[in-house]
There are 2 protein chains.
Amino acid sequence: MTTVSENGAPSPHRVVIVGGGFGGLNTARSLRRAAVEVTLVDRRNYHLFQPLLYQVATGSLSPANIAAPLRDVFERQRNCMVLMGDVTGFDITGRRVLVDGSGAESVIAYDTLVVAAGARHGYFGHPEWEQVAPGLKTIEDATEIRRRLLTAFELAERTAGLEQRRQQLNFVIVGGGPTGVELAGAIADIAHYIVKHEFRCIEPSDTNVLLVEAGERILATFPPELSAQALTALQHLGVQVRTNTMVTAIAADHVVLESAVQVERLPTQTVIWAAGVEASPLAKKLAEATGAMLDRVGRIAVEADLSIAGHPNIFVIGDMALSTHQDGKPLPGVAPVAIQQGRFVARLIRARLERCELPTFHYRDLGNLATIGRSAAVADFGRIRLSGFVAWVMWLFIHLMNIVSYRNRVLVFLQWAWNYLSHDHSARLITGTPDKREDASGERPS
Amino acid sequence: MTTVSENGAPSPHRVVIVGGGFGGLNTARSLRRAAVEVTLVDRRNYHLFQPLLYQVATGSLSPANIAAPLRDVFERQRNCMVLMGDVTGFDITGRRVLVDGSGAESVIAYDTLVVAAGARHGYFGHPEWEQVAPGLKTIEDATEIRRRLLTAFELAERTAGLEQRRQQLNFVIVGGGPTGVELAGAIADIAHYIVKHEFRCIEPSDTNVLLVEAGERILATFPPELSAQALTALQHLGVQVRTNTMVTAIAADHVVLESAVQVERLPTQTVIWAAGVEASPLAKKLAEATGAMLDRVGRIAVEADLSIAGHPNIFVIGDMALSTHQDGKPLPGVAPVAIQQGRFVARLIRARLERCELPTFHYRDLGNLATIGRSAAVADFGRIRLSGFVAWVMWLFIHLMNIVSYRNRVLVFLQWAWNYLSHDHSARLITGTPDKREDASGERPS
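Residues numbered from 1 in each chain as written. Chains lettered and ligands numbered in written order. Predicted model: local features only at pLDDT ≥ 70, side-chain atom pairs only at ≥ 80, totals over all residues. Heavy atoms only, no water.

The secondary structure content of chain A amounts to 13 helices and 27 strands. For 446 residues, the compact-globule estimate of 2.2 N^0.38 gives 22 Å, and chain A sits close to it at 23 Å. Reported as C-alpha extents along the three principal axes, the dimensions of chain A are approximately 80 × 65 × 45 Å. When burial is assessed residue by residue, chain A has 55% of its 446 residues classed as buried. (Helix = DSSP H or I, 4+ residues; strand = E, 2+ residues; numbered from the N terminus. Rg over C-alpha atoms; globule rule 2.2 N^0.38 Å. Buried < 20%, exposed > 50% of the residue type's maximum accessible area, 1.4 Å probe, protein only.)

Structural data, given as structure tokens:
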């Protein structure tokens, strides 16, 4: 697998990694001692610690607390080159990735390609819902949700009629997975503590946080008793939970909820989407170029070694990959899967360079955690199942230890300690002005 | 000055403050023990510590580090109500302020009105320059400048030709006042340290930071010897300074510089405006309603007690006011002026309620500071003039002490200490996508 360059000298094996999330980052880092040339391409200049994004959306942490500039992460890894740009396509025959970035176009040649471009939220065939019900995948999503949440409280404070005020304080979260549960708990916390102390006209009891789940229980990937404990914890915070309920329409001022027994129209100006994801559109491009199969949410089916069938030098990992557990079930789209896959692919690349064999990818499930409000969580470690404060401390510890940069780890710890002791949400900034966008386009000469 | 409410009982004197910057915040806080009802209206939900905005623009601090939610600031001040909304006009006869905010319209009645809506950057009759040369007054401005600066480095890293690469690394800052000098120094720091360590293709020597000043020296409000020392410090950092030079055109890919001896066209994609400010458009509305005079940059001329002539119960303070020093010179648009004016107006309101007399406003000049890069500054305290490291430590200390919230003070101190020791700029996130705005408007059905 040695490449020979034009002047005849052997040049190092070129690994191109698309995406600097958990999968791509861990592939690149695990190749730090390998005799390869790594190029990591990402549309963003930072790695994002997505599990804490909901804390940005609710004003507890700042974006920079959960993001680490990729150049900073790889500053000392001399065999890794970071490039910011949009991957626009794959030239499989020529073994090249096409990259576009603000006008500068380029191609990057690879010997091995690792694609880990992640997922976006999917709206089950209702793309028009995105405008009224943003999802939570990027920093821009988080600051937009933060703006909507905080603006709702500000508007309610200025609204005279009790009925209208309560409508402004109806918050609907669609999807009862970990993100939905975490958001619902955090919003209930704001509603209770901050409304009570900092607002003069609205009351905590005016707010109504509604978590809607189509399935029969929240946190469906957890054991049923932990789902039940999470439900109790949410209800204790004042969150209304509706299971077996579908959202069938979302508009700027209401949602329609449908269950087996009733159809309800609920006035609300703040809907957050935490229900479904679909793979990055790059998966489709890669599938077209390689003949790989896509599943219903656009993920690429991969072999047991995470490569694409017929393309042993192209790997797909993380949320973009449909990879199956040893028991045949598809692996969930969570950080530990992407991390372990990244490390596995790096090991496999090294093994091939040394002409060794390696067993296929085996996912080791280290457990499942979700937090509910400011001091409860549920944790599932197989035989050991925890809930309440102990699980919450474990959640804090595990998340803190996994933040990539040391500086952020220290700062996030200090912020958490401060927030916990003072009930503070000081990153509560309403920034960005979507109205401005309309102004700007309205002013454009036609 | 006691108001009688409809049921005949005396109701407290109502003070409405427009703007939660240094002027408005200090007026409201200084009224905390007065028998008045304060309403503070701001378009934003936070007070912004503008003197450190350039550190957000250059990725040293996060927006939340230099912003304090207004509700948090006034949580315990029970006589102060915070409202978020856009002031759209003044009904002087009815003694009411008109407020609009995302659909909810309201009026707020006052007995005394304090207007402190600040200033925006002004382009000397070239509003079209704003698109290509953003100024630095808001958090959105700062994150947009950060995006442009960091994107320029990323693009240059991907550009093959040396000539084009250097064009991408031409940074032009228009205006040699404190903001321009601080930005130029901070950008030169990034260029030198970060480019050297984190980029693989571009060299620090490829970057070119140019500070353009129309007058004959930078930091014109400082004594000439401190201007000279600042110039030396900037040149030491590699910043090119052009004095006596006007910018006569700004486009997306170049600027035109004109001096007495030459006209030069410089290719650049990154221009930052730090040259001029003009008062908030609210000044014009208030002048029309009251008959007050406006100066060239839209500021309202105020009396010696900071009220508008003929309207003793309407005060204008801060960057929106044209107020003169005891020697007849107009006061500069800096934080200490606004702070002292806010405190004075609060004292005057209290004195009037107690039917006392108060001498007119007297500005106490506490000194002038500007920082240059990571360990130099100039400080002018009248007879005492300092430059270099001592002035820089003083600058740090004074700015830290003036940040409104205790939590931010601690976090900013820790970040500064970390940044200083590690040369880190970890808040270096490229966020927001202006291209997306164009997409969005392009997709709109016409």
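One pair of aromatic rings is described through two measures. These are the centre distance and the angle between the planes. Evaluation of the coordinates by the stated rule reveals 20 aromatic pairs over all chains. Here a set of aromatic residues connected by ring pairs shows up, and it is made of Y123, F124, W129 and W273 of chain A. Of note, R71 of chain B hangs over the ring of F199 of chain A, and the distance from its end group to the ring centre comes to 4.0 Å. (Phe/Tyr/Trp six-rings, centres within 6.5 Å; stacked < 30°, edge-to-face > 60°. Lys NZ or Arg CZ within 6 Å of the ring centre and 35° of its normal.)

Within the secondary structure layout, Q341 of chain B lies in helix α10 (residues 335-353). Not counting residues within four places of it along the chain, the set of residues in contact with Q341 of chain B comprises L306, I317, G318, S323, L331 and F361 of chain B. (Contact = heavy atoms within 4.5 Å.)

The subject of this paragraph is the interface of chain B and chain A. Listed per partner, the contact involves 59 residues of chain B and 59 residues of chain A. Here chain B meets chain A over a buried area of about 5,400 Å², counting both sides, of which 54% is carbon and sulfur. For the chain B face of the interface with chain A, the top three residues by lost area are R71, R158 and R407 of chain B, together amounting to 16%. Counting across the chain B and chain A interface gives three salt bridges. Measuring nitrogen to oxygen at the nearest pair gives 4.0 Å for the salt bridge that ties R71 of chain A to E157 of chain B. Summed over the shared surface of chain B and chain A, the result is 21 residue pairs in polar contact (both at pLDDT 80 or more). (Buried area = accessible area lost by both parts, 1.4 Å probe. Salt bridge = Lys/Arg side-chain N within 4 Å of Asp/Glu carboxyl O. Polar contact = N/O pair within 3.5 Å; in protein donor to acceptor, adjacent residues only side chain to side chain.)

This paragraph deals with unusual backbone geometry. Residue and element names in this part refer to chain A. Notably, N244 is not glycine yet its phi reads approximately 50 degrees, a positive angle. Within the element layout of this structure, N244 appears in the loop between β15 (240-242) and β16 (245-250). A relative accessible area of 45% places N244 in the partly exposed class. Residues other than glycine seldom take positive phi values, yet R355 does so here, at roughly 55 degrees.

What follows covers the sheet that holds strand β25 (residues 368-372) of chain B. Residues and elements named next belong to chain B. With respect to topology, three strands assemble into an open sheet ordered β25-β26-β27, the strand pairing being antiparallel. Edge strands, defined here as strands with exactly one partner in the open sheet, are β25 and β27 (384-388). Direction aside, neighbouring strands of the sheet carry axes that sit 5 degrees apart on average. Relative to β27, strand β26 (residues 376-381) is paired through five bridges, and the arrangement is antiparallel. Note on β27: the bridge partner recorded for A377 is G388. (Pairing = 2+ DSSP bridges. Axes fitted to C-alpha atoms, helices over the stretch in contact; angles between N-to-C directions.)

With an RMSD of 0.0 Å, the operation that places chain B on chain A is a rotation of 180 degrees combined with a shift of 0.0 Å along the axis. Considering both components of the superposition, the chain copies are consistent with a two-fold axis. Interface residue correspondence from chain B to chain A reaches 98%, placing this contact among same-surface, isologous pairings. (Least-squares fit on C-alpha atoms with pLDDT ≥ 70 in both.)

Taken together, the side chains of Y406, V410, F413 and L414 of chain A together with Y406, V410, F413 and L414 of chain B make up a nonpolar region of the molecular surface, amounting to roughly 740 Å² of accessible area. Mapped onto the secondary structure, Y406 of chain B falls in helix α12 (residues 406-422). (Patch = residues over 30% accessible without salt bridge, like charges linked within 9 Å, V, L, I, M, F, W, Y side chains within 5 Å. Areas by Shrake-Rupley, 256 points an atom, 1.4 Å probe, with all protein chains shown as cover.)

Residues and elements named next belong to chain A. Spatially, β15-β14-β13-β19 is the arrangement adopted by the four strands of the open sheet, whose pairing is parallel. The sheet terminates laterally at β15 and β19 (270-273), the two strands that pair on one side only. The average undirected angle you get between the axes of adjacent strands in this sheet is 20 degrees. Bridge count for strand β14 (residues 208-212) against β15 is three bridges, and the pairing is parallel. Paired with V212 across the two strands is R242, which belongs to β15. Across the sheet, helix α5 (residues 139-158) is in contact with β13 (170-174) and β19; its angle to β19 comes to roughly 155 degrees.

Moving on, we get to the nonpolar core. Formed by 70 residues in total, the largest nonpolar core has its most connected members in F153, L211, L234, V239 and I372 of chain B. Broken down by element, the residue count for this core peaks at 10 residues, all from helix α7 (residues 178-198) of chain B. Apart from residues lying up to four places away in sequence, L211 of chain B is in contact with I173, G175, G176, G180, V181, A184, I218, L234, V239, Q240, V241 and R242 of chain B. In terms of nonpolar packing, the next biggest core, distinct from the first, is built from 69 residues, F153, L226, A379 and A391 of chain A among them. (Core = buried A, V, L, I, M, F, W, Y, C linked by side-chain atoms within 4.5 Å.)

Residue and element names in this part refer to chain B. The topology assignment puts D380 in strand β26. Looking at D380, the relative accessible area reads 13%, which means it is buried. Separated by 11 residues in sequence, D380 and L369 have C-alpha atoms that sit 6.4 Å apart. If we skip the residues at most four places from it in the chain, D380 touches F222, P223, L226, G367, N368 and R385. A polar contact is formed between the side chain of D380 and the backbone nitrogen of G382, at a distance of 3.1 Å.

Right, let's talk about the environment of E288 of chain A for a bit. The residue E288 of chain A is located in helix α9 (residues 282-290) in this model. The spatial distance from the C-alpha of E288 of chain A to the C-alpha of F90 of chain A is 9.4 Å, given a sequence separation of 198 residues.

Moving on to a positive patch on the surface. Residues and elements named next belong to chain A. A cluster of like positive charges, contributed by R29, R32, R33 and R343, occupies part of the molecular surface. When you line up the elements, R29 lands in helix α1 (residues 22-30). Given a relative accessible area of 30%, R29 falls into the partly exposed group. (Lys, Arg positive; Asp, Glu negative; His and termini not counted. Charge placed at Lys NZ, Arg CZ, Asp CG, Glu CD.)

Quick look at helix α12 (residues 406-422) of chain A now. Residue and element names in this part refer to chain A. The terminal C-alpha atoms of α12, which comprises 17 residues, lie 24 Å apart, in line with the 24 Å expected from a rise of 1.5 Å per residue. For α12, the set of buried residues is R407, N408, L411, V412, Q415, W416 and N419. Each buried residue of α12 sits inside an arc of 155 degrees when the element is viewed along its axis, so together they form one side. In α12, the exposed residues that point more than 90 degrees away from the buried face are Y406 and L421. Phi for H423, located one or two positions after α12, is positive at around 55 degrees. (Expected span 1.5 Å × (residues − 1). Arc of directions from axis to C-beta.)

Before going further, it helps to spend a moment on the confidence of the model for chain A. The predicted coordinates should not be examined in detail at positions where pLDDT is low. All names here are of chain A. Scored by pLDDT, chain A comes out at a mean of 90, with 93% of its residues at no less than 70. Considering only residues more than four positions removed or in separate chains, one finds that residues 1-5, a stretch of pLDDT under 50, has 15 contacts. Here the predicted complex carries an ipTM of 0.88, next to a pTM of 0.91. (pLDDT = per-residue confidence, 0-100.)

The N-to-C vectors of α12 of chain A and α12 of chain B enclose an angle of 170 degrees; their axes lie 12 Å apart at closest approach. The orientation of α12 of chain A with respect to α12 of chain B, classified from their angle, is roughly antiparallel. Where α12 of chain A crosses over α12 of chain B, the handedness of that crossing is right-handed. Across from Y406, R407, L411, L414, Q415, W418 and N419 of chain A in α12 of chain A, the residues of α12 of chain B making contact are Y406, R407, L411, L414, Q415, W418 and N419 of chain B. Its residues assigned to classes, the contact of α12 of chain A with α12 of chain B shows eight nonpolar, four polar and two charged. (Parallel < 35°, antiparallel > 145°, perpendicular 65-115°, else oblique. Left-handed = near helix turned anticlockwise from the far one by under 90°. Nonpolar A, V, L, I, M, F, W, Y, C, P; charged D, E, K, R; others polar.)

Right, let's get into the pattern of salt bridges. Working definition: two side chains of opposite charge can pair if their charged atoms are close together. Within the structure shown, the criterion is met by 39 salt bridges over all chains. D295 of chain A is the salt-bridge partner of R299 of chain A, the closest N and O atoms lying 3.0 Å from each other. By relative accessible area, which is 17% here, R299 of chain A ends up buried. Take D295 of chain A: its relative accessible area is 21%, and that puts it in the partly exposed class. Among the salt bridges present, the one from D206 of chain B reaches R166 of chain B, with a minimum N-O distance of 3.4 Å. With a gap of 40 residues between them, D206 of chain B in the loop between α7 and β14 (208-212) and R166 of chain B in helix α6 (residues 162-168) connect regions that are remote in the sequence. Look at D206 of chain B and you get buried, because its relative accessible area is 5%. Classification of R166 of chain B as partly exposed rests on a relative accessible area of 35%. Via salt bridges that share partners, R71 of chain A together with E154 and E157 of chain B belong to a single interconnected network.

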